[in-house]
Amino acid sequence: MPMYNSYPLIIILVLFISAFAIPIFKSIKMARIIGISAAAISFVLSILTLMGVKADGAYYFRVGHFDAPWGIEFHIGIIEGLMGVLFMTVSLAVLWFSVYSIGHDLSKKKVPLFYTLVNLLVGSLLGIVFSDDLFNCFVFIEISSIASCGIVVVKDKKENIKAALKYLILSSLGSGLVLMGIALVYSLTGHLNMPHAHDVFVSIYPEHSRNMLIAVGLFTVGLGVKSAMFPLHTWLPDAHTYAPASSSALLSALVLKAYVILYIKIIYRLFGMSIVGDLPVLSIVLLLGSVGMIAGSVLAILQKNLKRMVAYSSVAQMGYVFFGIGLGTTMGLAAAIFQIFNHAFTKSALFLSAGSIIEKTGKKNISDLKGIGKEMPFTLAIFTIGGMSLVGIPLLSGFNSKWNFAVAVIEGHRVELLAVVLISSLLNALYYFPVIINGYFGEESLEGKVYRNTERPLKELLPIIVLVLGVIYFGVSGGGLLSLIEAGIPAIK
Amino acid sequence: MGHLLINYYETGAIILFGVGFVTLLAHGNLIKKIIGMNIMDTAVFLFFIAKGYIAGNEAPIIRSAKAANGYVNPVPTALMLTGIVVAVSITAFALALTIRVYEKYGTIDLNEIIKMGGE
Amino acid sequence: MNKIHKEAEKSDILTEVGKLIIPFIQVFAIYVILNGHLSPGGGFAGGTILGASMILHRLIFGWDHLISRLTYDRVMKWMCASLLIYGALKGYSFLTGGMHLQVWDVPLGSPGNLFSGGFILPLNIAVGIIVSITVYVFFKLFYEGTI
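Residues numbered from 1 in each chain as written. Chains lettered and ligands numbered in written order. Predicted model: local features only at pLDDT ≥ 70, side-chain atom pairs only at ≥ 80, totals over all residues. Heavy atoms only, no water.

(A) Representation of the overall build of chain A within the structure. Counting its secondary structure elements, chain A contains 21 helices and two strands. When its C-alpha atoms are laid out on the principal axes, chain A stretches across 75 × 60 × 45 Å. For chain A, the accessible surface area stands at approximately 15900 Å², while carbon and sulfur atoms represent 68% of it. Placing the 34 positive and 25 negative side-chain charges of chain A at their respective mean positions leaves the two points 10 Å apart. (Helix = DSSP H or I, 4+ residues; strand = E, 2+ residues; numbered from the N terminus. Areas by Shrake-Rupley, 256 points an atom, 1.4 Å probe, with all protein chains shown as cover. Lys, Arg positive; Asp, Glu negative; His and termini not counted. Charge placed at Lys NZ, Arg CZ, Asp CG, Glu CD.)

(B) Region of interest: the overall build of chain C. The secondary structure content of chain C amounts to four helices and zero strands. Its helices and strands in sequence order give chain C the pattern α-α-α-α, from N to C terminus. Buried residues in chain C amount to 37% of all 147 residues. For chain C, the accessible area works out to roughly 8600 Å², and carbon and sulfur atoms hold 70% of it. (Buried < 20%, exposed > 50% of the residue type's maximum accessible area, 1.4 Å probe, protein only.)

(C) Representation of the pattern of salt bridges. Residues and elements named next belong to chain A. Here the structure, examined in full by the defined rule, presents nine salt bridges over all chains. The shortest N-O distance in the salt bridge between Asp 67 and Arg 62 comes to 3.3 Å. Using a relative accessible area of 43% as the deciding quantity, one classes Asp 67 as partly exposed. (Salt bridge = Lys/Arg side-chain N within 4 Å of Asp/Glu carboxyl O.)

(D) Fine view of the packing of aromatic side chains. By the definition in use, this model includes 20 aromatic pairs over all chains. An angle of 75 degrees between the planes, with centres 5.8 Å apart, marks the rings of A:Tyr4 and A:Tyr59 as edge-to-face. Of this pair, A:Tyr4 sits in the segment before helix 1 (7-21) while A:Tyr59 sits in strand 1 (residues 59-63), and the two are 55 residues apart along the sequence. In terms of burial, A:Tyr4 and A:Tyr59 fall into one category: buried. Site record: aromatic cluster; members linked through ring pairs are A:Phe341, A:Phe345, A:Tyr473 and A:Phe474. Over the ring of B:Tyr105 we find A:Lys158, and its NZ or CZ is 4.8 Å from the ring centre. (Phe/Tyr/Trp six-rings, centres within 6.5 Å; stacked < 30°, edge-to-face > 60°. Lys NZ or Arg CZ within 6 Å of the ring centre and 35° of its normal.)

(E) Fine view of the nonpolar core. Counting residues in each nonpolar core, the largest one holds 215 residues, and the members touching the most others are A:Leu270, A:Phe271, A:Met309 and A:Phe383. Residue contributions to this core peak at 19 residues, all from helix 10 (residues 245-271) of chain A. Setting aside chain neighbours within four positions, we find A:Leu270 in contact with A:Leu134, A:Val185, A:Met194, A:Ala197, A:His198, A:Phe201, A:Phe219 and A:Lys265. Counting eleven residues, the second largest nonpolar core, distinct from the first, contains C:Met54, C:Leu70, C:Ile133 and C:Val137. (Core = buried A, V, L, I, M, F, W, Y, C linked by side-chain atoms within 4.5 Å. Contact = heavy atoms within 4.5 Å.)

(F) Region of interest: a nonpolar patch on the surface. Residues and elements named next belong to chain B. On the surface, a cluster of nonpolar side chains totalling about 680 Å² of accessible area is made up of Tyr 8, Tyr 9, Ile 15, Leu 16, Val 19, Leu 46 and Tyr 53. For the nonpolar patch, the leading source of residues is helix 2 (residues 8-26), giving five residues. Within the secondary structure, Tyr 9 sits in helix 2. Taking the relative accessible area as the measure of exposure, Tyr 9 reaches 38% and is therefore partly exposed. (Patch = residues over 30% accessible without salt bridge, like charges linked within 9 Å, V, L, I, M, F, W, Y side chains within 5 Å.)

(G) Local environment of the interface of chain B and chain A. Between chain B and chain A, the residue contacts involve 38 residues of the former and 33 residues of the latter. Taken together, both faces of the contact between chain B and chain A bury some 3300 Å²; the carbon and sulfur share is 80%. In this assembly, chain B and chain A are joined by one salt bridge. Among the ionic pairs, B:Arg100 bridges to A:Asp156, the shortest N-O distance being 3.1 Å. At the surface where chain B touches chain A, the tally comes to four residue pairs in polar contact (both at pLDDT 80 or more). Mapped by element, the contributors of at least two residues to the side of chain B that touches chain A are helix 2, helix 3 (30-52), helix 4 (75-105) and helix 5 (110-116) of chain B. Top contributing element to the side of chain B that touches chain A by residue count: helix 4 of chain B, with 16 residues. By residue class, the composition of the side of chain B that touches chain A is 26 nonpolar, six polar and six charged. (Buried area = accessible area lost by both parts, 1.4 Å probe. Polar contact = N/O pair within 3.5 Å; in protein donor to acceptor, adjacent residues only side chain to side chain. Nonpolar A, V, L, I, M, F, W, Y, C, P; charged D, E, K, R; others polar.)

(H) Structural context of the side chain of A:Ser124. Checked against the element boundaries, A:Ser124 lands in helix 4 (residues 111-130). In this structure, A:Ser124 is in contact with A:Phe16, A:Phe140, A:Ile143 and A:Ser144, ignoring residues within four places of it in sequence.

(I) Region of the structure containing the pairing of strand 2 (residues 72-76) of chain A. Residues and elements named next belong to chain A. Taking burial as the measure, the five residues of strand 2 include four buried ones, the bulk of the element. Strand direction decides the pairing type here: strand 1 and strand 2, joined by five bridges, are antiparallel. The residue of strand 2 that forms the bridge with Val 63 is Ile 72. (Pairing = 2+ DSSP bridges.)

(J) Structural detail: empty space enclosed by the protein. Under the counting rule described, the total for this entry stands at four cavities of 30 Å³ or more. A volume near 80 Å³ is recorded for the largest cavity. Lining the largest cavity are 13 residues, with A:Phe138, A:Glu142, A:Ser175, B:Asp41 and B:Val86 positioned closest to its centre. Class assignment for the residues of the lining of the largest cavity results in seven nonpolar, four polar and two charged. (1 Å grid on protein atoms, 1.4 Å probe; cavity = no way out; pocket = protein on both sides within 12 Å on 5 of 7 lines; lining within 4 Å. Points joined across faces, edges and corners; volume = space filled by probe spheres on them.)

(K) Quick look at the confidence of the model for chain C. Per-residue pLDDT for chain C has a mean of 84; in total, 88% of the residues score no lower than 70. Averaged over each element, pLDDT in chain C is lowest for helix 2 (residues 43-65) of chain C (85) and highest for helix 1 (residues 12-34) of chain C (92). (pLDDT = per-residue confidence, 0-100.)

(L) Here's a closer look at the packing of helix 12 (residues 281-301) of chain A against helix 18 (residues 418-440) of chain A. Residues and elements named next belong to chain A. Packing of helix 12 against helix 18 leaves a shortest axis separation of 9 Å and a crossing angle of 15 degrees. Here helix 12 lies roughly parallel to helix 18, going by the angle between them. For helix 12 against helix 18, the interelement crossing comes out left-handed. Contacts from Ser 290, Met 293, Ile 294, Ser 297, Val 298, Ala 300 and Ile 301 in helix 12 reach Val 420, Val 421, Ile 423, Ser 424, Leu 427, Asn 428, Leu 430 and Tyr 431 in helix 18. Residue composition of the contact of helix 12 with helix 18, grouped by class: eleven nonpolar, four polar and no charged. (Axes fitted to C-alpha atoms, helices over the stretch in contact; angles between N-to-C directions. Parallel < 35°, antiparallel > 145°, perpendicular 65-115°, else oblique. Left-handed = near helix turned anticlockwise from the far one by under 90°.)

(M) Region of interest: the environment of C:Gly128. All names here are of chain C. Position of Gly 128 relative to the elements: it lies in helix 4 (residues 120-144). For Gly 128, a relative accessible area of 0% translates into the label buried. Separated by 94 residues in the primary sequence, Gly 128 and Leu 34 have C-alpha atoms spaced 9.4 Å apart. For Gly 128, the contacting residues outside a window of four places in its chain are Ile 33, Gly 43 and Gly 47.

The structure is reproduced here in structure tokens:
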């Protein structure tokens, strides 16, 4: 058995053990060293896993001494390997940036707690992505919901606690629904392992179709609450606005994605397209995704706070992912996974640069940020590249993502949905461009500002520049990633 | 209708799930929301464990040298132990946050807290 | 708002009864933890009983009595050490099982013995310590407003 088979488990173990080792040493320096070195080791291991899976194909890794269905198994294919690399890259960049910025938002006593919670969060998200057993996924879901509420409430202001409480209550609502869905699956099949339960489902589908419809519906609503599907997104603006900058980046870029990956695995591995194709669930997901794409952008236009506008933009971009899943074709699924990559890099760069602007100038509203381009040119340049990527300017990854969605829509013979994609791209421009234009141009805003007055030193901007380089790389050469995703999709089924 | 009465554990569990769900959403008081969350989780545990019960069999513990006729399925009970621990930890976290909210806002009604806003 | 409740005055009945009962509760908790793989109980249940005994001690004897035994630092060190031991044992078992390595494994023993069942006994002890400390920390957080 090749060595890289055990790397996913080692990644999760390293992240959890480092999270528990941090409270022993009470100094901030030791917390940073342990946290960042654990993330770096996991990053290297995830790249080695992806290279191994690309060469040899997908494999099952049994955790412990018992095979499935009595034991727990991990299934690592190309998609899970790619998700591992994505999560570790973004979290390593955010942790690197937090070395310079987290001291301003939190009190000194709470900084080691932040590193513990971030490692716990990323470890549990990777557990959701890798695991092939439903109840194991549920335990990781609960760990990640406590850890993500934790990184919102680490900053001790009153609106943080209100946002974290709303997030916790709605999140536990979602978890309760997912647990009921798992109970229905167990009562129908007697298995909790996904491929074994799938075999039983295929054979009992004709007489138990109503039960399976209820189970799919419970999973859709439960995971939809946790990953901000349109009408269930109400916790997102508060939680992502009031959290410290690094927490917002992690929440928006990674946490929403792991639940969508679990939803994709449930639809394709547990139930299978032969069953889900008969049920009306995917049309509802498509409808809610399209409404989310437009409504999220419309709500973002009305916002005055910079971070709140970026948070509503997250709702719109997650609408794209649900739109892709709802199309039901292979190309739609590949476009959805490519959008996951695009949004993770872009939104983390946007949140980190927006947090940087707010921290250095102390102004939170968009109307106060006129002329900021002269004071902080590089930070606003990063924000510009991120915004243009989400609008869909060519050579950036957002354009590739929208192109993939257009190709998927045309291939699936639903050309009328092309209008939705185009309208939402235009709406994106309506709220990103005013910030950029007011920042850089306009004579009366620029007078009185000193060049590079409140700019961050270049060394501190380096993590965000790494994320932006990722955005440009996926824009210029997106085809390689897309063909890799399409090669990995058969292994999910 | 006969099906519902034969499987009375599962029927009771679904009714409790509905009660907990509506309590979680409808009431504004935070403590009532946490109670609703607990009722909802407990209902799912009841459903799961009732699925493992086989009438006439014993608990899966070896008491003496003589083995019983059959044993109840122990897998759901073991899974639900984990589930109970998870539910207790989320309840404890939510209650700690409620105390902090009361210190900062002076009320524990979620509708009033949202109206109070504040930057 | 640090102290939510006033400290109650010392009562002779409670002190004498507490001195007799708390050791019995703790011995019973240790029995439940150690017999987790043979009868109902195990780490969670036994840890809760142990935590309840610590809460009872805190309520009867007040904070001064415990000031040298259950401080925040010592409690956190015990909890992190238990979590690390749990993680190391579990990691060893998972990795050797997953990679199909033939290395030394904890002997399984015969059913019904106390020292049987492989890894379950050390894991139960670790879980018992963690759960008792968590229950006590949450009680202190709610009762006094600070850890």
